Amino acid sequence: MDEMPADVDLVVSGQVPLSGGGFGPGRVYIADGRITAVVEAADREDVGDGEIGSARVIDAGAAFILPGAVDAHVHSYSHAGEGLLASTSAAAAGGVTTIVEMPFDATGPINSVDRLAAKQQRIADEAVVDVALLGTLEPGGGWRRAQDLVSHGVVGFKVSLFDTDPFRFPRISDAELLPVMRAVGEAGSTLCTHAENNEIIKALLAEQDGRDPNDPGAHAATRPPVSETLGALTAMEIAAHQGNPLHLCHLSLGRSAALVGWYREQGVDVSFETCPHYLIFTERDVFAHRGRLKINPPLRAAVEREAMWDAVTGGLATVISSDHAPWPAQWKDHERILDNHSGVPGVQTLVAATLGECLRRYGAGKEFETTVAALTANPAERYGLTHKGTLAPGYDADIMVLTPDPGFRITADGQYSNAGWTPYEGYAPGARVSTTISRGEVVWSADAGLSARPGRGAQVVRR
């Protein structure tokens, strides 16, 4: 074995990212929760789990040693039955070492310092892995609180262009989006938007009253592609006008991705995320899974799934997030598709579903490296989490071990979310997370399960 740096307390060996690209044998050295060295060791011999001196050794053999994922879109409190204990436990079991928590809670949106403080206390009480918090700015002048919320620790803000819920998740009008963006920019933060056109969707929802109430395609009919592209264009035009950083959430269309590319070419600071469900499912799957796959925006045609993979592997979709929405099954199983809540649980399956499918499609080449970055370094960078998402000296020792495994299947009984179900039931992604390390501590492993205590997770802020 190569000479070990001093004061190391944990060594993780396996296939590490190489400085010249690709993956090869190597080791990650950890001390006091931080990475101290990443050593490429082409001639290394497996030493097996055990100890070297006072350091514990985890030898993953031919498995990939990757940065812990940063899930940029998690709703832990949209439903009171979840909470940070469940969502961060699910995160740990899925290789996610930091979640970016959405601000649209059932008890009220995180739009004041008092509500923010209450949520920060929940991190201290419940979180198993680290949590970054988004705030929101309500209609009617909420933008005036942007600087105050940033000063108290939010890493960004999210608003919706669609009126999902007038209390929990209200719409910001086009007119008010101007001062909202200006205030967020002046506070040195990033604005995220749910980008769907309100007028088109509301009109189409009204039209559905006279149609077959049990048609699984009714949901997609109320949210045609133009409702997404117009929402994205509105947000990007205002960002271009004012020079603000903008992040577009959960895009589903190749045309949306192309429009983002066009604005980037003009110097607009805009990024976007897509989600595993847009990379794996299509609109045809809704006919089998019905309300379980009701998501906003809806699942699209197979050609859009391929366009999203092109956007991810080409580096245009810089973030892949779960949009974890852990609604109980009884809120997803109504016969009338439009009566179901939108969204699916996904923080635990984010990594396995995405990277397993990527390995199956492309192997462990450049496309895989780019997809890994969309789950790790890129979301960390977008929210100013400069100590997260990268395997390099000085970064937090957040690590996931990804093991290729064609026989592994996702099951509901293996999920830690309180939702109690998964849209990937029975799916064989081709890979599984076998170990998760958060700040140098093993918080989950396939052998031992969850080993972290509630409250060990910490709030993370921009650095």
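Each remark here, short or long, concerns the structure printed above.
Residues numbered from 1 in each chain as written. Predicted model: local features only at pLDDT ≥ 70, side-chain atom pairs only at ≥ 80, totals over all residues. Heavy atoms only, no water.

Trainee: Help me get a handle on the pattern of salt bridges, residues and values and all.
Mentor: Throughout the structure, instances matching the rule amount to 22 salt bridges. With a closest N to O distance of 2.6 Å, Lys388 and Asp130 form a salt bridge. One end of the pair, Lys388, is in the loop between helix H14 (377-382) and strand E16 (399-404); the other, Asp130, is in strand E10 (residues 130-135), with 258 residues separating them in the sequence. Under the relative-accessibility criterion, Lys388 is labelled buried at 2%. For Asp130, a relative accessible area of 1% translates into the label buried. (Salt bridge = Lys/Arg side-chain N within 4 Å of Asp/Glu carboxyl O. Helix = DSSP H or I, 4+ residues; strand = E, 2+ residues; numbered from the N terminus. Buried < 20%, exposed > 50% of the residue type's maximum accessible area, 1.4 Å probe, protein only.)

Trainee: Residue-level account of the nonpolar core, with values.
Mentor: In terms of nonpolar packing, the biggest core is built from 94 residues, with Leu66, Met236, Leu248, Phe272, Leu355, Phe368 and Leu402 touching the most fellow members. Examining the composition of this core, we find that six residues originate from one element, helix H12 (residues 350-362), more than from any other. Other than its neighbours up to four places away in sequence, Leu66 contacts Phe23, Leu355, Phe368, Val372, Leu391, Asp398, Ile399, Met400 and Leu402. Core analysis: the next-biggest nonpolar cluster, separate from the first, contains 16 residues, Val12, Ile30, Ala63 and Ala397 among them. (Core = buried A, V, L, I, M, F, W, Y, C linked by side-chain atoms within 4.5 Å. Contact = heavy atoms within 4.5 Å.)

Trainee: Help me get a handle on the environment of Pro328, residues and values and all.
Mentor: Position of Pro328 relative to the elements: it lies in the loop between strand E15 (319-320) and H12. Since its relative accessible area comes to 10%, Pro328 is described here as buried. In this structure Pro328 touches His79, Ala419 and Trp421, once residues within four positions along its chain are discounted.

Trainee: Provide a residue-level description of the environment of Asp269, including the pertinent values.
Mentor: Looking at where Asp269 falls in the secondary structure, it is placed in the loop between helix H8 (254-265) and strand E14 (270-274). On the accessibility criterion, Asp269 (39% relative accessible area) is partly exposed. In sequence terms Asp269 and Lys388 are 119 residues apart; their C-alpha atoms lie 21 Å from each other. When near neighbours in sequence (up to four residues on either side) are disregarded, Asp269 contacts Asn244, Pro245, Leu246 and Arg382. Side chain to side chain, Asp269 and Arg382 meet in a polar contact 3.0 Å long. (Polar contact = N/O pair within 3.5 Å; in protein donor to acceptor, adjacent residues only side chain to side chain.)

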